[in-house]
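Given next are the chains, with one letter for each unit.
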Amino acid sequence: MTENIKEESKADQSLQEDRLEAHAKTEENESKEEAEQVEADLKVQLCEPFPGLQTGLIRSADLFGYVGIESVLDQMRRKTVKAGFEFNIMVVGQSGLGKSTLVNTLFKSKVSRKSSTPNYEEKISKTVRLHAVSHVIEEKGVKMKLTVIDTPGFGDQINNQNCWEPIVKYVNEQYEKYLREELNVNRKRRIPDSRVHCCIYFLPASGHSLRPIDVEFMKRLGKIVNIVPVIAKADTLTVEERQEFKERIRQDLEANGIHVYPQRELDEDPEDRILNDRIRASIPFAVVGTDKEHQVNGHKVLGRKTKWGIIEVENVAHCEFANLRDLLIRSHLQDLKDVAHNVHYETYRVRRLNESNMNLSELTAGLHRCC
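Quantities reported herein were computed from a predicted structural model and do not represent experimental measurements.

Trainee: Please explain the overall build of the protein as it appears in this structure.
Mentor: Helix and strand counts for the protein come out as 10 helices and 9 strands. With 371 residues in all, the protein has 35% of them scored as buried. As displayed, the protein offers around 24300 Å² of accessible surface, 51% of which is attributable to carbon and sulfur atoms.

Trainee: How should unusual backbone geometry be read in this particular structure?
Mentor: Across residues other than glycine, the phi torsion is negative in most instances, and most of the peptide bonds are trans. Cis geometry is adopted by the peptide bond preceding Pro262, which originates at Tyr261 and carries an omega value of 0 degrees. By the element assignment, Pro262 lies in the loop between helix H7 (239-255) and helix H8 (270-282). Along the chain, Ile283 connects to Pro284 via a cis peptide bond; the corresponding omega equals 0 degrees. Within the fold, Pro284 resides in the loop between H8 and strand E6 (285-286). If you check the backbone angles, Lys140 has positive phi at about 55 degrees while not being a glycine. For Lys140, the position within the fold is in the loop between strand E2 (131-139) and strand E3 (142-150).

Trainee: Quick question: what am I supposed to make of the nonpolar core here?
Mentor: Within the largest apolar cluster, 72 residues are counted, with the highest numbers of intra-cluster contacts made by Phe217 and Met218. Non-local contacts of Phe217, meaning those with residues more than four positions away in its chain, are made with Val92, Phe154, Trp164, Ile167, Cys199, Tyr201, Gly222 and Ile227.

Trainee: In this structure, what is going on with the packing of aromatic side chains? I would like to understand it.
Mentor: Here the distance between the centres and the angle between the planes together describe a pair of aromatic rings. A full pass over the atoms with the stated rule returns 6 aromatic pairs. Ring centres of Tyr175 and Tyr345 lie 6.0 Å apart, and the angle between their planes is 50 degrees; this geometry places the pair in the tilted category. Placement of Tyr175 in helix H5 (residues 165-183) and of Tyr345 in helix H10 (residues 333-370) is noted, with a sequence separation of 170 residues between them. Judged by relative accessible area, Tyr175 falls into the buried class, the value being 1%. For Tyr345, a relative accessible area of 1% corresponds to the buried category. Ring geometry for Tyr178 and Tyr345: centres 5.2 Å apart, planes at 80 degrees, overall edge-to-face. Linking Tyr178 in helix H5 with Tyr345 in helix H10, this pair joins segments that are 167 residues apart in sequence. The class of Tyr178 is buried, set by a relative accessible area of 12%. Connected via pairs of aromatic rings, a cluster forms that spans Tyr175, Tyr178, Tyr345 and Tyr348.

Trainee: Just to check I follow, could you spell out the packing of helix H3 (residues 99-107) against helix H9 (residues 321-331) for this structure?
Mentor: Between two packed helices, what matters for the description is the angle formed by their axes and the separation of those axes. Where H3 meets H9, the closest approach of the two axes is 10 Å, and the angle between their N-to-C directions is 70 degrees. With respect to H9, the element H3 is oriented roughly perpendicular. The crossing of H3 and H9 is right-handed. From H3, Leu102, Thr105, Leu106 and Phe107 reach across to H9, where they touch Phe321, Leu324, Arg325, Leu328 and Ile329. By residue class, the composition of the contact of H3 with H9 is 7 nonpolar, 1 polar and 1 charged.

Trainee: Before we go on, may I ask you to explain a negative patch on the surface in this structure?
Mentor: Taken together, the side chains of Glu268, Asp269, Glu271, Asp272, Asp335 and Asp338 define an acidic patch exposed on the protein surface. The topology assignment puts Asp269 in the loop between H7 and H8.

Trainee: Would you explain empty space enclosed by the protein in this entry?
Mentor: Gaps between atoms show up when a probe of the same size as a water molecule is rolled over them. On inspection of all chains with the given rule, the structure shows 1 cavity of 30 Å³ or more. Here the largest cavity is characterised by a volume of approximately 30 Å³. Looking at the largest cavity, the residues that line it are Leu203, Pro204, Ser206, Ser209, Leu210, Arg211, Asp214, Phe245 and Ile249.

Trainee: It is not clear to me how the pairing of strand E4 (residues 198-203) should be interpreted in this structure. Could you clarify?
Mentor: Side-chain positions along a regular strand alternate between the two faces of the sheet. Counting buried positions over the 6 residues of E4 gives 6, a clear majority of the element. Alternating residues of E4 divide into Cys198, Ile200 and Phe202 and Cys199, Tyr201 and Leu203, and every residue in both groups is buried. Across 4 bridges, the pairing between strand E1 (residues 85-92) and E4 is parallel. Across the sheet, Ile89 pairs through a bridge with Cys198, a residue of E4. Sheet topology note: the E4/strand E5 (residues 227-231) ladder contains 5 bridges and is parallel. The residue bridging Ile200 from the neighbouring strand is Val228, located in E5. In this fold, the crossover linking E4 to E5 by way of helix H6 (residues 212-221) has right-handed handedness.

Trainee: Explain the pattern of salt bridges to me, please; I cannot follow it from the model alone.
Mentor: If charged atoms from side chains of opposite charge come close, those side chains can pair. Scanning the entire structure with this criterion turns up 18 salt bridges. Taken together, the shared-partner salt bridges in this structure form one network comprising Glu176, Arg180, Arg351, Arg352 and Glu355.

Cut-offs used in this document
Residues numbered from 1 in each chain as written. Predicted model: local features only at pLDDT ≥ 70, side-chain atom pairs only at ≥ 80, totals over all residues. Heavy atoms only, no water. Helix = DSSP H or I, 4+ residues; strand = E, 2+ residues; numbered from the N terminus. Buried < 20%, exposed > 50% of the residue type's maximum accessible area, 1.4 Å probe, protein only. Areas by Shrake-Rupley, 256 points an atom, 1.4 Å probe, with all protein chains shown as cover. Core = buried A, V, L, I, M, F, W, Y, C linked by side-chain atoms within 4.5 Å. Contact = heavy atoms within 4.5 Å. Phe/Tyr/Trp six-rings, centres within 6.5 Å; stacked < 30°, edge-to-face > 60°. Axes fitted to C-alpha atoms, helices over the stretch in contact; angles between N-to-C directions. Parallel < 35°, antiparallel > 145°, perpendicular 65-115°, else oblique. Left-handed = near helix turned anticlockwise from the far one by under 90°. Nonpolar A, V, L, I, M, F, W, Y, C, P; charged D, E, K, R; others polar. Patch = residues over 30% accessible without salt bridge, like charges linked within 9 Å, V, L, I, M, F, W, Y side chains within 5 Å. Salt bridge = Lys/Arg side-chain N within 4 Å of Asp/Glu carboxyl O. Lys, Arg positive; Asp, Glu negative; His and termini not counted. Charge placed at Lys NZ, Arg CZ, Asp CG, Glu CD. 1 Å grid on protein atoms, 1.4 Å probe; cavity = no way out; pocket = protein on both sides within 12 Å on 5 of 7 lines; lining within 4 Å. Points joined across faces, edges and corners; volume = space filled by probe spheres on them. Pairing = 2+ DSSP bridges. Right-handed = clockwise from strand over helix to strand, strands pointing away.

Next up, the structure:
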């Protein structure tokens, strides 16, 4: 009796195994069929825009040999290196926040207006004036024309009402200049680009919240240019104060509908979104700038010397300067330029062309009435 029970259990077990194996094979066949269907659908989609044209998807594994399509990247790189590129950065904030020092630290050279102007004397301007200084920086054969636009006088007066208007006017003037070059019949092969690609806005390390001038400026400028807010001279705050201040600023930005770079709605794919979410969680960057080197454990480092030690500018444990530099130069420089061209400039271009069309239609209507 016991032997019969054992044989029956073995038979049931083998039957169950056969069923599982058959089910696995069925699932495998179904997944293969789904993959084949997806590939067929993709080919159909590729063919749909051109009904009379046959289009197929050929992968590198299906090629008979090496064609050399990947060399296009080398061609593009050589052409870009030979031509060089332009990057225009604006710094905005009241006097004494270290704007010039931070820009010099970013590019490890004397690129600010103060550093490049001989016999420069610090004077508080009565009105907001914009000064642009250009340099050609070369590193490992790559040339970049860097233009730094300074805004002396911003936020330095007792009455700072409408102090952002000269800055808004300057940004729009650069868009207008580029638009006119584009609309010329015999336009240049390469249009000079003086548009502002990025605006670094300096917030004083008060530890409270955004001031009315900060809110008004970023509300207006955030619609026409890429804004990256930073907390200047962050070494005046403790780590806890810094974190609380950053959180309060993020809440103020969201409450006032202020858009700073990188904008969430412009993320193109999941990888960009993951990277940009980490950046958005760090904004505003708490930074410290200096152009002086000090010896730390036998190594030269950029830092600020204090009675209690040296604040290393490029040490992420001390401040977030390295994160700001990575964003502006090493990871998002081209994206800053693309957003400035495809979003902010495009918005300005559409508005101006619509205004021109409206003026033309009004003029035509007036001529008809006169006739």
